[in-house]
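Tertiary structure, described
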Amino acid sequence: MSSLNASLATALSGLIAEQGALAATTNNVANVNTPGYSRQVPNLVSSDPIIVDPLTLGTGVTLQSIDSIRDPILESRIQQETQTQGQLGALVSALNQTQVNFTTGSGDVGTAITNFFNSINELSTNPSDLSVRQGVLTAAGNLATSFNNTANNLTQQQSSLDLNVVQTVGQINQLTQQIAQLNGQISNRQNVGESAGSFVDQRQVAIDQLSSLVDVSVIPSDHTLTLTTANGAPLVIGQQSFQLQAQTTPSGLHDVYSQGADITTQITSGQLGGTIQARDQQIPAIQTQLDTLAAGLANSVNAVQAGGFDLKGVAGTNLFNPPPASGNGAAASLSVAITDPSLIAASSDGTAGSNGNAEALYALSSQAIIAGQSPTGYYSGIVFNVGNDAANATADQTASSQVLQQLNDQRASISGVSLDQEAANLVQFQNAYTASAEVVTAINNMMNAVIQMSTLTG
């Protein structure tokens, strides 16, 4: 009778183990489309045998654990590429918006410069015609407006990017809180020997989302993870999250702080890094170039204007209001200083029919007056740099997307669920469960027979 009890226990262990394996397989099938889900595999091991001298008897099977299949090295590589993808995505978006300001059209600075010098060239053919002179003032006003609009658009874009910085910091803080909570749930389960696969999957998804926002370093520790920025600013330590802060600077923009330290310049990856790069580097560089062009053009025109005479024979005055001495803000503040067309100094000798100074003004269009280049040449350089930066960033983004797709495909091949494989597993575990059930039935019948025989003989 004792041997039958032992056999029954062995058969029951098969029922329990195969039932657990079936549950794991069923869960895999249910989560086949769940983002971030890692395939679970039942870990079946032979139970410790018993020794009945001289025999060693098996005691069945134990479902030791249900393990989620992951590749930590691949996960780390995906996180790094996700950071790059987030940074390039934010940068490309910003550069494409910037590029709109330099698209050739009726209102762009380049067209306005050409129209301005064309109006002066027309003036040189008829220097005493007031309508032609008014055309020069109109073209000068349009030029100033083009500079103003482009500079203001860049400033507004910079403000929008700054708002994105604040919003992204808020998203980062939400994710770090979520990861810290998941660290606690994972630790609690693993400390009592329970599987925490579902929580680990959720944490991995959150880390991937965090990686798209900011550069993250992941440091494994007992049952939890420690997260920092690439330069060591703490984000999550165990079950505690550390909030980043967006604080306003004297410029009106926001810098990013961690534990009271300004880490803005240390953030180089993720959407936050790309946004900061566009806000603090790309746009200011373009604004500086635009200011250089506006200031150089205004000062050169004013200098030639001062060397000539107006329609009344009086020495010329400034055509444009003088830009700031530093040049900063010249594009945004550029404006026409005169409203009377007769004040344009077209004459070089004080006579009404002279066009010598008008020709000198027109000659500025081809002279190296802006950092060794002509006005149109310098502006073309700005347009080229903006377009080239956008094209290079787009190419890098495409290459990064391809790499990230390949890495995700590799992760899917390792951790993803194959319905064909799970269907085969279901059949395998179901057959094993059925066989164990038949053994239990057979042993139960045997035990009933023994009991009946004992009753009859007793």
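Quick summary incoming for the structure in this document.

Conventions used here
Residues numbered from 1 in each chain as written. Predicted model: local features only at pLDDT ≥ 70, side-chain atom pairs only at ≥ 80, totals over all residues. Heavy atoms only, no water. Helix = DSSP H or I, 4+ residues; strand = E, 2+ residues; numbered from the N terminus. Expected span 1.5 Å × (residues − 1). Polar contact = N/O pair within 3.5 Å; in protein donor to acceptor, adjacent residues only side chain to side chain. Pairing = 2+ DSSP bridges. Contact = heavy atoms within 4.5 Å. Axes fitted to C-alpha atoms, helices over the stretch in contact; angles between N-to-C directions. Phe/Tyr/Trp six-rings, centres within 6.5 Å; stacked < 30°, edge-to-face > 60°. Buried < 20%, exposed > 50% of the residue type's maximum accessible area, 1.4 Å probe, protein only. 1 Å grid on protein atoms, 1.4 Å probe; cavity = no way out; pocket = protein on both sides within 12 Å on 5 of 7 lines; lining within 4 Å. Points joined across faces, edges and corners; volume = space filled by probe spheres on them. Nonpolar A, V, L, I, M, F, W, Y, C, P; charged D, E, K, R; others polar.

**Re helix H2 (residues 72-100)**
Look at H2: 43 Å from first C-alpha to last across 29 residues, which is about the 42 Å you get at 1.5 Å a residue. For H2, the N-terminal cap is Asp71; the gap from its side-chain oxygen to the backbone nitrogen of Ile73 is 3.1 Å.

**Quick word on the sheet that holds strand E5 (residues 216-221)**
Read across the open sheet, the four strands follow the order E5-E6-E7-E8; overall the sheet is antiparallel. Because the sheet does not close on itself, it has two edges, and the strands there are E5 and strand E8 (240-241). Two elements, strand E7 (residues 234-237) and E8, share two bridges in a ladder whose sense is antiparallel. The residue bridging Val236 from the neighbouring strand is Ser241, located in E8. Packed on one face of the sheet, helix H4 (residues 130-191) meets strand E6 (224-229), E7 and E8 and runs near 20° to E7. In the packing of helix H5 (residues 197-213) onto the sheet, contacts are made with E5, E6 and E7, and the angle to E6 comes to roughly 5°.

**Regarding the packing of aromatic side chains**
Per the counting criterion, the structure on display carries three aromatic pairs. With a centroid separation of 6.2 Å and an interplanar angle of 40°, the aromatic rings of Phe102 and Tyr379 are classed as tilted. Of this pair, Phe102 sits in the loop between H2 and helix H3 (109-125) while Tyr379 sits in helix H9 (residues 375-415), placing them 277 residues apart in sequence. Overall, the relative accessible area of 4% leaves Phe102 in the buried class. Looking at Tyr379, the relative accessible area reads 5%, which means it is buried. With 5.3 Å between their ring centres and 65° between their planes, Phe116 and Phe117 make a pair best called edge-to-face. The exposure classification of Phe116 matches that of Phe117, with both residues buried. Counting every residue linked through ring pairs, the aromatic cluster contains Phe116, Phe117 and Phe320.

**Observations regarding the layout of surface pockets**
Estimated volume of the largest pocket: approximately 440 Å³. Lining the largest pocket are 17 residues, and of these Pro72, Glu75, Gln204, Val218 and Leu225 lie nearest its centre. Mapped by element, the contributors of at least two residues to the lining of the largest pocket are H2, H5 and E5. Here the lining of the largest pocket gets six residues from one element, more than from any other, and that element is H2. By residue class, the composition of the lining of the largest pocket is seven nonpolar, seven polar and three charged.

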